[in-house]
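Geometric and topological summary
In case you want the letters, here they are:
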Amino acid sequence: MKQFISVNDVADLDALMQEALAYKADPLKDAALGTGKKIGLLFLNPSLRTRISTQLAAKNLGMETIVFNVDKEGWALEFVEGAVMNGTTVEHIRDAAPVLGSYFDILCIRTFPSLQNREADYAETIISQFIKYTGVPVISLESATLHPLQSLTDIITMMEVVGSREWPVGKKPSIVLTWAPHIKPLPQCVANSFAQWVNAWGEADFVITHPEGYELDEQFTNGAIILHDQSEALKDADFVYVKNWSSFNEYGSMPEVKENWMLTEEKLKNSNAAKVMHCLPVRRNVELSDEVLDGDNSLVTQQGANRVWAAQAVIAEIIKNN
Ligand code: CP
């Protein structure tokens, strides 16, 4: 693996998932793999889980980590080729990225979409320029359209359930991704990425449910059943993944929704005692009710904890291949 931006960068998905679970079982099994190597974590947007889990993962591999909050501490970066820089931006990515590449063996970047310009966001303008100009492998810590470390985590978390003694032998999991309300427009990244990874995994019946107007980009959802009736979608579900996203078609907008799409225990009554997932952070009693989040079927803490093992498997794979 030369970079980790989407599931398409993974040559052997099953092997990567197994490696992540192997790191969970034995975090220090490759404690010297990254000795003498440095990893840079660049944040153009806030983070709790991604930042800390990736640091812990790198430490388990013996790497040195430097975290840099570009948005708060760095020069304002320019990404437009040929820009006349007589405005607010101070440094061009063409100049900054090669220097960063000289400091680090691996560069990790978090950058959110503008939600203003769909063409630029879906072209992954920012992370693509880091890839183009750094000269070292780049790992996405969430980009304009995808969140691959989260999705790898989500899959291994479901694998733990499906691989447990309680799971009926040979049963294919029924997975539902449901849209949830929010107070402001959010990126489509987590939903896009979850759909892309579940489709690539290919081991589940997969339904996406959302109100009219919240269709996702078909390049990621292709293969999933799309339902606008949340109640119908939740019937017999084994896993319910809850996430808000803003409109893809009316880019970045929040079309009006008349029904209440917040996930509650009542709505889960017809599910198959579904395990409930959310990437966090979550708006309690807006996206999900307290009772669901704090209930026995909530996987959210397990998911957050598993972020370390997904990051560790990806970093290790990149070290081994570069
Ligand atoms: N799920 C996730 O990416 O969390 P953070 O934004 O806190 O990193």
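Just so it is clear, the structure is predicted and the values come from calculations on it, not from any experiment. (Residues numbered from 1 in each chain as written. Predicted model: local features only at pLDDT ≥ 70, side-chain atom pairs only at ≥ 80, totals over all residues. Heavy atoms only, no water.)

Description of the domain arrangement of the protein
- What the domain assignment reports for the protein is domain 1 (7-146 + 305-321) and domain 2 (150-304).
- One C-alpha centre belongs to domain 1, the other to domain 2, and the line joining them spans 25 Å.
- Counting residues at the interface gives 29 residues for domain 1 and 35 residues for domain 2.
- Both faces combined, the contact of domain 1 with domain 2 buries some 2600 Å², and carbon together with sulfur accounts for 65% of it.
- Where domain 1 meets domain 2, there are one salt bridge.
- The residue K24 makes a salt bridge to E160 at a minimum N-O spacing of 2.7 Å.
- On inspection of domain 1 and its partner domain 2, the count reaches 17 residue pairs in polar contact (both at pLDDT 80 or more).
- Those elements that provide at least two residues to the side of domain 1 that touches domain 2 are α1 (13-25), α5 (118-122) and α12 (300-321).
- Counting residues per element, the side of domain 1 that touches domain 2 draws most heavily on α1, at seven residues.
- Along the lines of polarity and charge, the residues of the side of domain 1 that touches domain 2 split into 16 nonpolar, seven polar and six charged. (Domains from an automatic or database assignment. Contact = heavy atoms within 4.5 Å. Buried area = accessible area lost by both parts, 1.4 Å probe. Salt bridge = Lys/Arg side-chain N within 4 Å of Asp/Glu carboxyl O. Polar contact = N/O pair within 3.5 Å; in protein donor to acceptor, adjacent residues only side chain to side chain. Helix = DSSP H or I, 4+ residues; strand = E, 2+ residues; numbered from the N terminus. Nonpolar A, V, L, I, M, F, W, Y, C, P; charged D, E, K, R; others polar.)

Points about a nonpolar patch on the surface
- Together, L48, I52 and L56 make up a nonpolar patch on the protein surface, roughly 270 Å² of accessible area in all.
- Here L56 shows up in helix α2 (residues 49-60). (Patch = residues over 30% accessible without salt bridge, like charges linked within 9 Å, V, L, I, M, F, W, Y side chains within 5 Å. Areas by Shrake-Rupley, 256 points an atom, 1.4 Å probe, with all protein chains shown as cover.)

Focus on the pattern of salt bridges
- Under the definition given, this model contains 14 salt bridges.
- Between K72 and D71 there is a salt bridge, with its nearest N and O atoms 3.3 Å apart.
- Its relative accessible area of 37% is what places D71 among the partly exposed residues.
- Linking K172 and D205 is a salt bridge whose minimum nitrogen-to-oxygen distance equals 3.8 Å. (Buried < 20%, exposed > 50% of the residue type's maximum accessible area, 1.4 Å probe, protein only.)

Considering the site of the ligand
- By nearness alone, every residue bordering the ligand is listed as S47, L48, R49, T50, R110, H147, Q150, C279, L280 and R307.
- One of the side-chain N or O atoms of R49 is found 2.9 Å from an oxygen atom in the ligand.
- The separation between a nitrogen atom of the ligand and a polar side-chain atom of Q150 is 3.0 Å.
- Out of a free accessible area of 250 Å², the ligand has 94% covered by protein chains. (Near = heavy atom within 4 Å.)

A short note on the packing of aromatic side chains
- What the rule picks out here adds up to ten aromatic pairs.
- Measuring from centroid to centroid gives 5.9 Å for F194 and F206, while their planes differ by 75°, and the two rings are edge-to-face. Of this pair, F194 sits in helix α8 (residues 189-201) while F206 sits in strand β8 (residues 205-209); the two residues are twelve residues apart in sequence, bridging distant segments of the chain. Residues F194 and F206 agree in their burial class; the two are buried.
- One aromatic cluster in this structure is built from Y122, F248 and Y251.
- Between the NZ or CZ atom of R118 and the centre of the ring of F248, over which it lies, the distance is 4.0 Å. (Phe/Tyr/Trp six-rings, centres within 6.5 Å; stacked < 30°, edge-to-face > 60°. Lys NZ or Arg CZ within 6 Å of the ring centre and 35° of its normal.)

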